[in-house]
Amino acid sequence: MLRQAETSVLVKCEAHQLAETVEAARSDGVRWLMIDPPYNTADIAAAMRVADPAVIPFRSALFDIAAVAATLEMAWALGKPVLPVINSAPPRRGVQPSHVVTEGREALFGMNATP
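So, how was this worked out
Residues numbered from 1 in each chain as written. Predicted model: local features only at pLDDT ≥ 70, side-chain atom pairs only at ≥ 80, totals over all residues. Heavy atoms only, no water. 1 Å grid on protein atoms, 1.4 Å probe; cavity = no way out; pocket = protein on both sides within 12 Å on 5 of 7 lines; lining within 4 Å. Points joined across faces, edges and corners; volume = space filled by probe spheres on them. Helix = DSSP H or I, 4+ residues; strand = E, 2+ residues; numbered from the N terminus. Nonpolar A, V, L, I, M, F, W, Y, C, P; charged D, E, K, R; others polar. Pairing = 2+ DSSP bridges. Right-handed = clockwise from strand over helix to strand, strands pointing away.

### Examining the layout of surface pockets
The method is simple in principle: a probe with the dimensions of a water molecule rolls over the atoms, and the space it marks as empty is what remains. What the largest pocket holds in volume is close to 2,200 Å³. Only helix 1 (18-27), helix 2 (41-50), strand 1 (54-58) and helix 3 (62-77) provide two or more residues apiece to the lining of the largest pocket. The dominant element in the lining of the largest pocket, judged by the number of residues it contributes, is helix 1, at six residues. Within the lining of the largest pocket, the residues separate by chemical class into 32 nonpolar, seven polar and 11 charged.

### Regarding the pairing of strand 2 (residues 82-86)
Across five bridges, the pairing between strand 1 and strand 2 is parallel. Note that in strand 2 the partner of I56 across the bridge is P84. In terms of handedness, the path from strand 1 via helix 3 over to strand 2 forms a crossover that is right-handed.

Now the structure itself:
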């Protein structure tokens, strides 16, 4: 069993409190933390500073791909490993993935964001 409690613990904090909040969680024995910052550059950068790795969800649409490029650059500038995740993708039908998924993957390859 991975979880000792029936529900997850939700802690809300400001970006400037992240480092101490993460340290307190680690001191309490928390092994996995998910940080979901609001979309603004200062809060994302603060979350990335304490994250390892930076999971970056995005939709495979023109504006989202442009935004993920900037987010990836920020993570790389902070020296963080990244895990971009295509979100809200249509399900596979048959053998071929959706063209939306294919375009998202191609964009990630173009940004050197895949292993």
